[in-house]
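# Coordinate inspection notes
Residues per chain are reported as follows:
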Amino acid sequence: MLTQTAFQGKLTKTKDLFIPFVVAGDPTPELTVQFALQLQKAGADILELGVPYSDPLADGPTIQRAAQRALKKDMSLTKAIELVPKLREAGLEIPVVIFTYYNPVVQLGYDRFFEMLEENGAEGVLIPDLPYEESEDIRQLADEKDVEFISLVAPNSEERIKRIAEHAKGFIYCVSTLGVTGERNDMSAETLSFIKKVKEHSNVPVAVGFGISSNEHVQLVREHADGVIIGSKIIRLIESELEALENGREAEALERFYKEIHELVK
Amino acid sequence: MLTQTAFQGKLTKTKDLFIPFVVAGDPTPELTVQFALQLQKAGADILELGVPYSDPLADGPTIQRAAQRALKKDMSLTKAIELVPKLREAGLEIPVVIFTYYNPVVQLGYDRFFEMLEENGAEGVLIPDLPYEESEDIRQLADEKDVEFISLVAPNSEERIKRIAEHAKGFIYCVSTLGVTGERNDMSAETLSFIKKVKEHSNVPVAVGFGISSNEHVQLVREHADGVIIGSKIIRLIESELEALENGREAEALERFYKEIHELVK
Amino acid sequence: GRFGDFGGKYVPETLMGPLQELEESLDQAMNDQAFLDEYHHVLKEYAGRPTSLSYADKLSDYLGGAKIYLKREDLNHTGAHKLNNAVGQGLLAKRMGKKKIIAETGAGQHGVASATVAAKFGLECKVFMGEEDIRRQELNVFRMKLLGAEVISVSSGNGTLKDATNEAIRYWVANCEDHFYLIGSVVGPHPYPRMVRDFQRVIGDESKKQFLEVEDELPDRIFACVGGGSNAMGIFYPFLEDSSELIGIEAAGKGIDTPEHAATLTKGTPGVIHGSMTYLMQDKNGQITEPYSISAGLDYPGIGPEHAHLFQSKQVRYESITDKEALDALKLLTEKEGIIPAIESAHALAQAYKEAKEMSPDETILINLSGRGDKDMATLMEHFQEEV
Amino acid sequence: GRFGDFGGKYVPETLMGPLQELEESLDQAMNDQAFLDEYHHVLKEYAGRPTSLSYADKLSDYLGGAKIYLKREDLNHTGAHKLNNAVGQGLLAKRMGKKKIIAETGAGQHGVASATVAAKFGLECKVFMGEEDIRRQELNVFRMKLLGAEVISVSSGNGTLKDATNEAIRYWVANCEDHFYLIGSVVGPHPYPRMVRDFQRVIGDESKKQFLEVEDELPDRIFACVGGGSNAMGIFYPFLEDSSELIGIEAAGKGIDTPEHAATLTKGTPGVIHGSMTYLMQDKNGQITEPYSISAGLDYPGIGPEHAHLFQSKQVRYESITDKEALDALKLLTEKEGIIPAIESAHALAQAYKEAKEMSPDETILINLSGRGDKDMATLMEHFQEEV
């Protein structure tokens, strides 16, 4: 029974969530805004706004490439957070989760980090290299600031699944396949039984990510989980528009992107 | 008091000996005969006929080069010995000492070696890498065959000088300077005192070699020793005629060689 | 899993399970005399331990100060201290039933050590190496292949050690069920820094025993170079409670006032790298920056978390030495003692020389000569060809 | 100065004095406990002795016959057994008041060992090396120079080891008053073959003690490669009176039925080379011929006179191994045991493998792993690049 939905009241659904991931600044901050709007148009419920990092050790090559493109545009944790009001201005209404590696947060400092999240209106935060055991302080702070601290859980989290799920906020991010982010073409029975186990202990929607790249995947996940997280596949779709974008065919590229996403999550 | 002169009666002088060294086959066997005749004409008393060797570790670079030239003409110990009758035919009358490293002698075998010396009329043998202690058998054989086995003695032979000198046959070869064969431009007081010491114990003429390259050297040696051995300097004079010889100016080359030798030992 | 404020496990959730499994297996192993006996047996009969403690008489005389001793890790099989740790982790992998190991490498020394134990213990071995390093270290790449390892070229980032480590961690995340990740230094998430230290402390344990035998007292100062810091932790650890002053030497590259250095403690700030809270070199946004040192083994933007703690608690003094000072120190040791050290180790030598001169002849110095210079010949030829 | 029919002093008269001086000094030194203590002290604290005796478990299992043990001279400082002898002669030179040493070298291993002890003992060092070898072994040339030695290029003959040795002897003839000639193998005039053997027998002495400790009996067979033959004499000598069968392995190059090999005992005949009566490779006129082996350390047309004697008296069995067999043996050891041996040592391995397979698991084999393969990487890359 789901008791928490939160995101400062902005998330009202607890089922069939579509949670896309984009890298802030890929290929430019302006285009990130445009891609985010297409995602919202295609039905996104929460936006994961990735902060590019020099050493993204939980990411596969697709997202690494996106991070490199964004870093070349001088993107950073603070600039990514500051992109949130621009997203709002442009019409984005869904909650935004800042997806960042831990080190930039350490450098910024917890106080300033949460201050910035508040000032810029970001509703959630996800730190892929800050596991449950290392995150007690920041989870507490997030609670105080009414920011959803998203936890990840993996099939091999074993007895920790219960603990993580019970303390999860916003939604819980299930790593569907062992491995770094990327696209895979099948989903295993073990993954499904893992999702079931998470749901037993979780008070928040259970979303599944890592490797979802086709409408078949999406349908399958929907049957068993509360939400689907799509990262690499979206980055690849953006990547495939880079040439068009460079050649001034922006409208056409965004339209094509929207259609692809629509097909993916229909 | 010199009691031995020998060389099968062919050496009658015991003073003012001029003992030149040539490498058999340098640059060709035929020319070795011609150079030998010039040396005799210039007053040579004994000819040291060097056998070219692949690893002449008592020789300096000049004689090594000569050996290489001769080896290219397929010269060997047996062929060098067989050159002796050709020298005689051409008019060489002075005694011939076969100068050879030890290994070719080992391969030929002592019996065949002395048989060949006898058959071809070589009167002496000198083996630079067969010191007194290793040469008892061969010295005895040489005595039996009436072949002069020439011994070397060096300033650092120390207490062995006496023993070597007392058993010396034919002449005794004093290494004037420590070192391998080659030309040097001065003679030291120590060398002279060394010669004196050898003479005290020797019954055969005492000749000095290693480094004699000018008429001044020759004069100096004559004052103190019974003979002068000249090797590298002669090889260099032959070497300087190689071009002329290759270009068919043989008579001119031999004449120039004779004059140079004459100047050297006058 | 902490050393004061440093250490921890800052890793993707997927690695939390494997790290816990590792920690449990490690704790069991380290309490199992049979395991420890096998580890020491392999070190003695295979790696050649104990390594010598050499008194550098000519060097000491030349500098005219303290008596200088060298702990000769250059004599260890494969030419550096790296093997001690690889043997320990290799045996642990076997014990855990893992048939496949992965390792990261920069210049290739840890890659060679890993490939070596993989061959010796019959394990499959994948070594992650940056494509730029593969180009620069052709010989070590070939060596690893000859030992039967697969060398995986990493093209992300700048194609150097940092990127190879990232990629090894990614591969481990995806394949942690049957793969053992053999980390080469006292870095990474808990329990790696502790484990690697415990597999390297044999250096310090032996040194202490050997030093007491010849000098009947402990060295006044102990010097070791620090990249990730495993040779330094290895020799320092058994002396932490003793009177000996401990000095770690970082690579100052072209100078700590230039951007080209690897002096993490001297110039870096705290943060997270490769799963561990420690000091690192980063920009104001927390992006990790590229370090520089002539010595590939010190060319790392982080440092073991225990060093960060020992730095903060002032239990160890950290200094830095430039490329040039290290090369000069290398040359002096070569000429005076007939030992060509690794350029890494030469950083420790350079600092020790400076201090030895100011010390009295009844004082003593111990330097960890962490490896031999054979691997550095190409670099040395470039720098010294005209001089020699 | 004889081993049966072999040995002796076939040298220019000028060297007779220095050889006598050497022999007297050597005899005094070898009877002086202080000298022997210093020799063993340097070997232990500087060179890293005793070297390990390693049981090659995976290799033994793979071959399925005798238990194979390796005497690990590759772990010796500078990477081969060569240093044992260089230390001994270096100390003797010092004792004799000679401040300058000369040495010959082929691939450069003995040159490096000589340059090393020269640096350590404060001696001036000239290394004679063929110009062709200088070209092929650029790295070792640089290493010697870095150690402070002067490398003298020898252009006579084919510019290889034989010529370098000739030239070193010539230089010694001219400069014997203040120079000590440090010969690198059990060759040359008396007392060199005996002296080098006595400075290398530490290999066999240690092996015997170590083997008895682990197996409680002596090895059934002992294998060592033979070029000049110092590593083989070193390990064989202490076992000469024992039950162990001794097998020396020569380089068969491209095959003993081709002209390209270095199998001196197998195909050569008695004669004199470098001052000593022994077996050598020569033509019918007694001119020494050029040997061939892929391994620079075995590429020598002579052999130590004591080996000639042990061959004639059948106390040691001599076999020969081709380039290809040696390379295959090297690869197998690398893959099974994580040890890359010198190509020289791989000749001993190859013969041992052949015999091990035919032996029973309760029989034992000891192989002298005379050096490490680091120096051979360029050759190995050429041969194995496509395979690995």
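Residues numbered from 1 in each chain as written. Chains lettered and ligands numbered in written order. Predicted model: local features only at pLDDT ≥ 70, side-chain atom pairs only at ≥ 80, totals over all residues. Heavy atoms only, no water.

## A closer look at helix α13 (residues 305-312) of chain C
- All of the buried residues in α13 of chain C are Pro305, Glu306, His307, Ala308 and Leu310 of chain C.
- In the stretch just after α13 of chain C, Lys314 of chain C is the one whose phi turns positive, near 60°. (Buried < 20%, exposed > 50% of the residue type's maximum accessible area, 1.4 Å probe, protein only. Helix = DSSP H or I, 4+ residues; strand = E, 2+ residues; numbered from the N terminus.)

## Notes on the pattern of salt bridges
- By the definition in use, this model includes 117 salt bridges over all chains.
- A salt bridge links Lys10 of chain B to Glu123 of chain B; the nearest nitrogen and oxygen atoms lie 2.7 Å apart. Taken together, the positions of Lys10 of chain B in the segment before β1 (17-23) and Glu123 of chain B in the loop between α6 (110-120) and β4 (124-126) put the pair 113 residues apart, joining distant regions of the chain.
- Overall, the relative accessible area of 40% leaves Lys10 of chain B in the partly exposed class.
- A residue is classified by how much of its surface remains accessible, and Glu123 of chain B, at 0% relative accessible area, is buried.
- A salt bridge links Arg317 of chain D to Glu355 of chain D; its shortest N-O distance comes to 2.8 Å. (Salt bridge = Lys/Arg side-chain N within 4 Å of Asp/Glu carboxyl O.)

## Description of helix α2 (residues 61-72) of chain B
- The terminal C-alpha atoms of α2 of chain B, which comprises twelve residues, lie 17 Å apart, in line with the 16 Å expected from a rise of 1.5 Å per residue.
- Buried residues of α2 of chain B: Thr62, Ile63, Gln64, Ala66, Ala67, Arg69 and Ala70 of chain B, and no others.
- In this fold, the buried residues of α2 of chain B make contact with β1, α11 (232-239) and α12 (242-246) of chain B together with α8 (161-175) of chain D.
- Downstream of α2 of chain B by one or two residues, Asp74 of chain B has phi in the positive range, about 70°. (Expected span 1.5 Å × (residues − 1). Contact = heavy atoms within 4.5 Å.)

## Focus on the side chain of Ser135 of chain B
- Here Ser135 of chain B is to be found in the loop between β4 and α7 (136-144).
- Given the relative accessible area of 1%, Ser135 of chain B is considered buried.

## Let's talk about the confidence of the model for chain C
- Taken residue by residue, chain C gives an average pLDDT of 96. The fraction at 70 or more is 100%.
- Prediction confidence for the complex, expressed as pTM and ipTM, is 0.95 and 0.93 respectively. (pLDDT = per-residue confidence, 0-100.)

## Things to note about the UniProt feature "active site" (unreviewed entry) in chain A
- Mapped onto this numbering, the UniProt entry annotates "active site" (unreviewed entry) at Glu48 and Asp59 of chain A.
- We classify Asp59 of chain A as buried; its relative accessible area is 3%. (UniProt positions renumbered as here; feature names shortened; annotations may be inferred.)

## Considerations on the packing of helix α7 (residues 138-146) of chain C against helix α16 (residues 377-384) of chain D
- α16 of chain D packs onto α7 of chain C with a crossing angle of 60° between their chain directions and a minimal axis gap of 11 Å. Compared by their axis directions, α7 of chain C and α16 of chain D come out oblique. The crossing of α7 of chain C and α16 of chain D is left-handed. Residue-level inspection shows Glu138, Leu139, Phe142, Arg143 and Leu146 of chain C of α7 of chain C in contact with α16 of chain D, the latter providing Met377, Leu380, Met381 and Phe384 of chain D.
- Taken together, the residues that form the contact of α7 of chain C with α16 of chain D break down as seven nonpolar, no polar and two charged. (Axes fitted to C-alpha atoms, helices over the stretch in contact; angles between N-to-C directions. Parallel < 35°, antiparallel > 145°, perpendicular 65-115°, else oblique. Left-handed = near helix turned anticlockwise from the far one by under 90°. Nonpolar A, V, L, I, M, F, W, Y, C, P; charged D, E, K, R; others polar.)

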